[in-house]
Amino acid sequence: MTNGRTTDETTGRTMVDEEWGDGRLAIVGAGVMGTALATLAVGRGLPVLLTDVSKEQLERARGAVRQQLRHARLLGKLPKGPDGELITDTSVAGLESAAAVIEAVTETTEAKTEALAAISAAVRPGTLIASNTSAVPVDELAGYTQRPEDVVGTHFMNPPYLIRAVEVIRGPRTGDAAMATLDRLLTALDREAIVVGDGPGFVSNRILMRVINDAARLVAEGRASAESVDRVFTGCFGHRTGPLATADLIGLDNIVDTLKVLHDRTGDDGYRACDLLLEKVRDGDFGHKTGNGFYSYGGTRA
């Protein structure tokens, strides 16, 4: 995957790749990741259709996109406008005219398979369907669509408008045409693809989820505080963040969901969510998005 780009020398803005043209990108799911993906796309000049079953969620997402665009530009991670058009809708009917679709609903098999089936029925044959999954095997998800050859996995990191690399998962039935379209899309988004094979958790979460789970167990056992666990990783290993701060950023509810996917598909008890993680999720302490997780962020629960 090439991911080349063209830059306007006057504005410093990365121009949408000519091969992509003005095709609309549809994003299904206006949660944390779907909203952040919309920020990335409109910030790179792509027109976006963002859909969700909740009108209230879509209204929150529109405000969040504006805020995230300002943040990303202050950090120099997105070029100065013009922005792509952002349209929101509670229906998937508009997907028929989309050049590509990214599914970004909750990381549960039930939610993803339901969304992918609806997407597949709405789009034109040959339209790229990228499932933004962090653990569910791509071929398993593709089995719920009408054309598995159009389905590929894209594991964008959070937030995708700040993190350039994307773990791309090619399923055994993913076609060359889908991979070529994804290449053009990632080029337009100025993202770097790291292509890996299919399987539960792929590369990133097959490793990371076990580390987070074990780190939480050490805190629960009183072996070390969350701060000390993370300092071992940042101070001794040179990691930018430790596993528990990373878990708070991802969302502890998402961590528990992903661990369940991995445990169900591997049978490995190393992926059975520890009691401390389950307790925090039951208490509504999901991390950054609620203001409290392993650390306090001065916020309130949503």
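Structure shown above.
All values reported here derive from a predicted model rather than from experimental measurement.

As for unusual backbone geometry
Turning to step 1, where the next piece is worked out: The omega torsion across N158 and P159 is -5°, close enough to zero to call that bond cis.
Turning to step 2, where the next piece is worked out: Along the chain, the position of P159 falls in the loop between β8 (151-156) and β9 (165-170).
Turning to step 3, where the next piece is worked out: Its identity is not glycine, yet D190 carries a phi of approximately 60°, on the positive side.
Turning to step 4, where the next piece is worked out: Structurally, D190 can be placed in the loop between α5 (176-189) and β10 (192-197).
Turning to step 5, where the next piece is worked out: In this structure, F202 takes a positive phi of about 55° despite not being glycine.
Turning to step 6, where the next piece is worked out: Assignment of secondary structure puts F202 in the loop between β10 and α6 (204-220).

Thoughts on the nonpolar core
Turning to step 1, where the next piece is worked out: In terms of nonpolar packing, the biggest core is built from 41 residues, with L95, V101, I119, I255, L277 and F294 touching the most fellow members.
Turning to step 2, where the next piece is worked out: Looking at this core, the elements that each hand over two or more residues are β3 (25-28), α3 (109-122), α4 (138-142), α6, α7 (226-236), α8 (243-250), α9 (252-266) and α10 (275-282).
Turning to step 3, where the next piece is worked out: Top contributing element to this core by residue count: α9, with six residues.
Turning to step 4, where the next piece is worked out: Sequence-distant contacts of I255, that is, excluding residues within four places in its chain, are made with M209, I212, A247, I250 and L277.

Here we look at the pairing of strand β6 (residues 100-103)
Turning to step 1, where the next piece is worked out: Residue alternation in β6 divides its side chains into two sets, A100 and I102 and V101 and E103, and both sets are buried.
Turning to step 2, where the next piece is worked out: In this sheet, β6 lies alongside β3 in parallel orientation, the contact comprising four bridges. Bridged to V28 within β6 is E103.
Turning to step 3, where the next piece is worked out: For β6 and strand β7 (residues 128-131), the ladder comprises four bridges, and the chain directions are parallel. Bridge pairing in β7 links I102 to A130.
Turning to step 4, where the next piece is worked out: For the segment spanning β6, α3 and β7, crossover handedness is right-handed.

A look at the sheet that holds β9
Turning to step 1, where the next piece is worked out: Pairing is mixed in the open sheet, where eight strands are placed in the order β5-β4-β3-β6-β7-β8-β9-β10. At either end of the open sheet lies a strand with only one pairing partner, and these are β5 (86-89) and β10. Mean inter-strand twist for the sheet, computed between neighbouring axes without regard to direction, equals 25°.
Turning to step 2, where the next piece is worked out: Relative to β8, β7 runs parallel, the two being bridged by three bridges. Of the residues in β8, the one forming a bridge with A130 is V152.
Turning to step 3, where the next piece is worked out: Across the sheet, α5 lies against β3, β6, β7, β8, β9 and β10, angled at about 170° from β9, the strand it touches most.

A look at the packing of helix α1 (residues 32-43) against helix α2 (residues 55-74)
Turning to step 1, where the next piece is worked out: Remark: α1 packs on α2, axes separated minimally by 9 Å, with the N-to-C direction vectors making an angle of 55°. Between α1 and α2, the crossing angle belongs to the class labelled oblique. As for how α1 packs across α2, the hand of that crossing is right-handed. Contacts from T35, A36, A38, T39, V42 and G43 in α1 reach A61, A64, V65, Q68, L69 and R73 in α2.
Turning to step 2, where the next piece is worked out: Considering only residue class, the contact of α1 with α2 consists of seven nonpolar, four polar and one charged.

What about the side chain of S134?
Turning to step 1, where the next piece is worked out: Of note, S134 is situated in the loop between β7 and α4.
Turning to step 2, where the next piece is worked out: Of note is the side chain of S134, whose polar atom sits 3.4 Å from the side chain of T258.
Turning to step 3, where the next piece is worked out: Once you skip the residues sitting within four places of it in the chain, S134 turns out to touch E107, H155, G201, F202, N205 and T258.

Things to note about the environment of T145
Turning to step 1, where the next piece is worked out: Along the chain, T145 turns up in the loop between α4 and β8.
Turning to step 2, where the next piece is worked out: You can call T145 buried: its relative accessible area is 9%.
Turning to step 3, where the next piece is worked out: The spacing of T145 and T113 is 32 residues in sequence and 8.2 Å in space, taken between C-alpha atoms.
Turning to step 4, where the next piece is worked out: Leaving out residues up to four positions away in the same chain, T145 has contacts with L116, S120 and V151.
Turning to step 5, where the next piece is worked out: Within polar-contact distance, the side chain of T145 engages the backbone oxygen of A142 at 2.7 Å.

Conventions adopted
Residues numbered from 1 in each chain as written. Predicted model: local features only at pLDDT ≥ 70, side-chain atom pairs only at ≥ 80, totals over all residues. Heavy atoms only, no water. Helix = DSSP H or I, 4+ residues; strand = E, 2+ residues; numbered from the N terminus. Core = buried A, V, L, I, M, F, W, Y, C linked by side-chain atoms within 4.5 Å. Buried < 20%, exposed > 50% of the residue type's maximum accessible area, 1.4 Å probe, protein only. Contact = heavy atoms within 4.5 Å. Pairing = 2+ DSSP bridges. Right-handed = clockwise from strand over helix to strand, strands pointing away. Axes fitted to C-alpha atoms, helices over the stretch in contact; angles between N-to-C directions. Parallel < 35°, antiparallel > 145°, perpendicular 65-115°, else oblique. Left-handed = near helix turned anticlockwise from the far one by under 90°. Nonpolar A, V, L, I, M, F, W, Y, C, P; charged D, E, K, R; others polar. Polar contact = N/O pair within 3.5 Å; in protein donor to acceptor, adjacent residues only side chain to side chain.

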